[in-house]
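Residue-level structure breakdown
Chain residues, written in single-letter form:
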Amino acid sequence: SSGINAEYGQLGWASPDSFSKFNASEGVGDTPNSFAFDGKRTKKWNKGQTDYGEEWNVGDVIGCCIDLDVGEISYYRNGTSLGVAFKNVKTGTGYMYFPVLCVDTTA
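What you see is a predicted model, and the numbers here were worked out from it, not measured in a lab.

**Things to note about the sheet that holds strand E7 (residues 80-86)**
Spatial strand order, E5-E6-E7: three strands in an open sheet with antiparallel pairing. Each end of this open sheet is capped by a strand with a single partner; those strands are strand E5 (62-67) and E7. Adjacent strand axes in the sheet meet at a mean angle of 25°, parallel and antiparallel pairs treated alike. With six bridges joining them, E5 and strand E6 (residues 72-77) adopt antiparallel strand pairing. Bridge pairing links Gly 63 to Tyr 76 in E6.

Quick look at the structure:
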């Protein structure tokens, strides 16, 4: 049967130009204007991966915030900041971001 595998997922923000590049093996965080946090593997993703954050668990509430005034993305786990994950996010005229969740559906 198919369903959502809570083990693996990437949560973040992406610009519309990223959407057409998403497929079964590439999603949010794998393109230049997309940014993601994977709490199972404790990595942040933007064209590659770097250690970040804390492991999430079933029942956790994950916050994903983008500050377009300063160009930063931060995450929260159960109301506690995990710190700034990304700086120098492109902003201004012509840039917009949408929340994106990519999950492993091979449960």
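**Topic: the side chain of Ser 15**
Tracing the chain through its elements places Ser 15 in the loop between strand E1 (5-14) and helix H1 (16-19). Once residues lying within four places of it in the same chain are set aside, the contact partners of Ser 15 are Asn 33, Met 96 and Tyr 97.

**Digging into the environment of Asp 38**
Residue position: Asp 38 is located in strand E2 (residues 34-38). Once the C-alpha coordinates of Asp 38 and Glu 54 are considered, the two residues, 16 residues apart in sequence, prove to be 9.3 Å apart. What Asp 38 contacts, discounting residues up to four positions off in sequence, is Gly 9, Gln 10, Lys 43, Trp 45 and Trp 56. A polar atom in the side chain of Asp 38 sits 3.0 Å from the backbone nitrogen of Lys 40.

Conventions used here
- Residues numbered from 1 in each chain as written.
- Predicted model: local features only at pLDDT ≥ 70, side-chain atom pairs only at ≥ 80, totals over all residues.
- Heavy atoms only, no water.
- Pairing = 2+ DSSP bridges.
- Helix = DSSP H or I, 4+ residues; strand = E, 2+ residues; numbered from the N terminus.
- Axes fitted to C-alpha atoms, helices over the stretch in contact; angles between N-to-C directions.
- Contact = heavy atoms within 4.5 Å.
- Polar contact = N/O pair within 3.5 Å; in protein donor to acceptor, adjacent residues only side chain to side chain.

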